[in-house]
Amino acid sequence: MRSTDPGPHDPAGRLAATGSARARPGTGTCPATCPDTRSAHRGPAGGPLSVAELSLPPRSARRRTTRPPGAPQFRPGLELAVTTESEPAPGSGTGRAEPAVPRKQAVAQEQGPPGDPGRPAEAGPSQDRAEALRAAVRAVESGEQPAAAFFSRPEPPPRPQPVSGPSAPGPVPEGLPALLSAGGAPESLAGAVAAALGEQAEALLRSDPWQLLAVAGVRPEQADAFARALLGPECGPGDARRAQALTVWLLERAARAGHTAVEPGAVSRDLAQHAVPDPDAAVREAIESGAVLVLQDPLPGAAEAGGPGGPETADGQEEPAGPSVRLLLGLDRYAVAEESLADGLARLRSTFSPPSEENAAAWEAAAEAAPSPSAAELIRTVAGSPVVVHTGGEAARAEPAALATAAGRLGLRTCAAAHTEDGRHRLVAALSSGEGEEPCPAVTVSGLLAGREGPGRDEEGALALDLLIVLDAPQLSAEDAAALVESLPDEARLVLSGDPHVLGSAGAGQVLADVRASGAARRVVSRTPDPGPVGELVSGIAVGELNRVEAPEKEVVTVPVRDPGEAVHRTVQLVTESIPRAFGAAAGDIPVITPGHGGAAGTRALNAALKERLNPGPGRFGGFDTGDRISYSPAPGHLRPGTVTGADSTGLQLDCGGLQINVAPERVAGTVRHGWALTAHQAVGHRWPAVVVVLPGDAGPALDRSWVYTAFSRAERHLSVVQGVGPELARAVTGAASTARTTRLPALLPPP
């Protein structure tokens, strides 16, 4: 099942696959067993929410996936708090049953339209229907009628079609700028508001001013001020509209931090911090309105507990059983993405056929010819597995490249996709092909999803592929991963490859980690170490050790500083003088990586200092000058380094690695920054010959092992560390990696 309306939160429309039918209040698609939620969701005396109060029978869902033998028919589902007056349908007490079909409609579907000469006549009593069925069987057996005249197989749902990217923003409602101005918001926000709320933006804001929170970058205090200006005395912190908008905003904020779902208690606590008088009631109201979903997944080991009660005590009494499910709150788009991804992976597993004896011998010959033992192991594993997780550092990228080359020589339609354009270039360099051989296509994930790069699609929208290799898989969000997997044909193979120690995706989800932990895929761990002193340093950081490495040619240099001002001064000196002189690198090609944008040694301060030395100018084009180094980010998690080449009335003109881009004036502020200095999140997926990492004294709380590993591993030959945090660096490395994300994918994936 696929939605044709991407909605404001999916501008590219990439996630067309829904995998489930989502109920909405008043639509009649709620499971027939759903109780009246207006009573079921209120705890005693307005007490805290509990599993018993929020959990509902599983919602209806349609599945296109062919499940592997022995797998359960239904998975834990999205729980929708909506009111229904339907009676329970027979057999619908558990699982994700289809919505009940009215009896007369079901009979009509069995019999076909009236007057169809090839179908039995309408019958009412059960014996008449049985006689009609017997007559149909006799007609087929005698050859009088084909089976298709009586029974037809439904057409398969279409696969997601490639999209060209975000659609152009629609027209701004005529009265919207004036309404924003009346509420104290800038009129220039009208375009973003119209894009987020659609054609009815003006009417929506008049009836519910807190809908302004749907616009990216708007904070609750700004929405409150806007509401007070429009509503006057009737505006208060306990307004139900405010509470619902804040609940959705909190879940969207969690998604930006990588979480696809959040525990109800955490949402209630955050609502209390925003002065909502009754946070639990606010959560219940958001659920009942359909703005928020209740997600219920079995806890690990709950299925093996065997029975409703717990273990017996010494006196023979049964101890109360602990909760068997985990209760979470989430937004529809992320819940659907994870379900669709789980279904797609199950489909690949269930439709996969092991190679024949002859093909297995060809795979083995390819493995024996592999350039390394780890590459050979990967080839052998992929030969007999539909879904494979491959992990390793930068040097390990040669292994999926060797797999792609071997698969192409075996006649498989193969494609390899990287996260960034820089990653694609490095992949192309790693791919090898003999004389007369067609090289394996190397694309970016975004280009493949948009249809700009890679193979074509068949009439159902499936990619013409037998093997898809996704590098930089930690950067895959749940939505992008779902769109990729849904685009693969049955019997295809999928390899998710990447470095598990780098920072995660900019979107919600942690696909590589979840698939790896679930056991739903075969795993291959590379044994190829990253070379040189930099490689030795980051290999130690990966396991929580900050080692001193031998660097005879100054491959790793630490520059201690006492304050942010000195950090900026020494950074400029390193970029403009020391590193170019020692390593021959151009100053404009040496990135600086720092923890944040703000502060005395953040990207803004560093970029200002570097611009003054490397390309001084008045900032004629919205703060930019021709020749400025920039980072262009058209969407979160997608960065293109480049250079300003000019500007005119149509926008700012950029050269991003040979790609000429014109950024409209109204989009410059939100998508273009000076790019001499970056954050580690921006630098993920890119590598440079020499890198400077700046750690100012106040950066300690922002550091963890994943951040340090990501920043340091961006360097290929030389790494300079401007060190102002002292022992906090060692603490970050020896401590835990980045905070775990809350996701549902492991619970949704079928067991191995």
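This text follows the structure it describes.
Bear in mind that the values here come from a model prediction, so they are computed numbers and not experimental data. (Residues numbered from 1 in each chain as written. Predicted model: local features only at pLDDT ≥ 70, side-chain atom pairs only at ≥ 80, totals over all residues. Heavy atoms only, no water.)

### Observations regarding the nonpolar core
Thinking step 1. Residues Leu176, Leu180, Val193, Leu205, Leu212, Val267 and Leu271 are the most contacted members of the largest nonpolar core, which totals 46 residues.
Thinking step 2. Listing elements by their share of this core, those giving two or more residues are α5 (176-182), α6 (190-197), α7 (201-207), α8 (220-231), α9 (240-256), α10 (264-273), α11 (279-288) and β3 (325-330).
Thinking step 3. It is α9 that contributes the most residues to this core, eight residues altogether.
Thinking step 4. Counting residues in each nonpolar core, the second largest holds 35 residues, with Leu468, Val511, Leu748 and Leu749 among its members. (Core = buried A, V, L, I, M, F, W, Y, C linked by side-chain atoms within 4.5 Å. Buried < 20%, exposed > 50% of the residue type's maximum accessible area, 1.4 Å probe, protein only. Helix = DSSP H or I, 4+ residues; strand = E, 2+ residues; numbered from the N terminus.)

### Quick notes on the packing of α9 against α11
Each pair of packed helices can be described by the angle between their axes along with the distance between the axes.
Thinking step 1. At a minimum axis distance of 9 Å, the contact between α9 and α11 shows a crossing angle of 80 degrees. Classified by the interaxial angle, the pair formed by α9 and α11 is roughly perpendicular. Counting all contacts with α9, which are made through Ala243, Gln244 and Thr247, the residues of α11 involved are Ala282, Glu285 and Ala286.
Thinking step 2. Residue classes in the contact of α9 with α11 are distributed as three nonpolar, two polar and one charged. (Axes fitted to C-alpha atoms, helices over the stretch in contact; angles between N-to-C directions. Parallel < 35°, antiparallel > 145°, perpendicular 65-115°, else oblique. Contact = heavy atoms within 4.5 Å. Nonpolar A, V, L, I, M, F, W, Y, C, P; charged D, E, K, R; others polar.)

### So, the pairing of strand β5 (residues 414-418)
Thinking step 1. Most of β5 sits out of view: five of its five residues are buried.
Thinking step 2. Every second residue of β5 is oriented toward a common face, with Thr414, Ala416 and Ala418 on one face and Cys415 and Ala417 on the other, all of them buried.
Thinking step 3. Sheet topology places β5 next to strand β7 (residues 467-470); four bridges connect them, and they run parallel. The residue of β7 that forms the bridge with Thr414 is Leu467.
Thinking step 4. Where β5 meets strand β6 (residues 442-444), three bridges bridge the pair, whose relative direction is parallel. Looking at β6, one finds that Ala416 is bridged to Ala442. (Pairing = 2+ DSSP bridges.)

### Regarding helix α22 (residues 603-614)
Thinking step 1. With twelve residues, α22 should reach 16 Å at 1.5 Å per residue; the first-to-last C-alpha distance of 15 Å fits that figure.
Thinking step 2. Buried residues of α22: Thr603, Leu606, Asn607, Ala609, Leu610 and Lys611, and no others. (Expected span 1.5 Å × (residues − 1).)

### Thoughts on unusual backbone geometry
Thinking step 1. Phi at Asp472 takes a positive value of approximately 55 degrees, unusual for a residue other than glycine.
Thinking step 2. Within the secondary structure layout, Asp472 lies in the loop between β7 and α18 (478-486).
Thinking step 3. Residue Asp472 is classed as buried on the basis of its relative accessible area of 13%.

### Things to note about the pairing of β7
Thinking step 1. Residues Leu467 and Ile469 line one face of β7 and the alternating positions Leu468 and Val470 line the opposite face, and both faces are buried.
Thinking step 2. Where β7 and strand β8 (residues 493-498) come together, four bridges link them in parallel fashion. Residue pairing across strands places Ile469 opposite Val495, the latter belonging to β8.
Thinking step 3. Note that the unit made of β7, α18 and β8 has a crossover that is right-handed. (Right-handed = clockwise from strand over helix to strand, strands pointing away.)

### A closer look at the sheet that holds β6
Thinking step 1. With parallel pairing, the six strands of this open sheet are ordered in space as β6-β5-β7-β8-β4-β9. With one partner strand each, in any of the chains shown, β6 and β9 (522-525) form the two edges of the open sheet. Recorded for the sheet is a direction-independent mean angle of 20 degrees between the axes of neighbouring strands.
Thinking step 2. Sitting on the sheet, helix α19 (residues 511-518) is in contact with β4 (387-391), β8 and β9, with an inclination near 115 degrees to β4.

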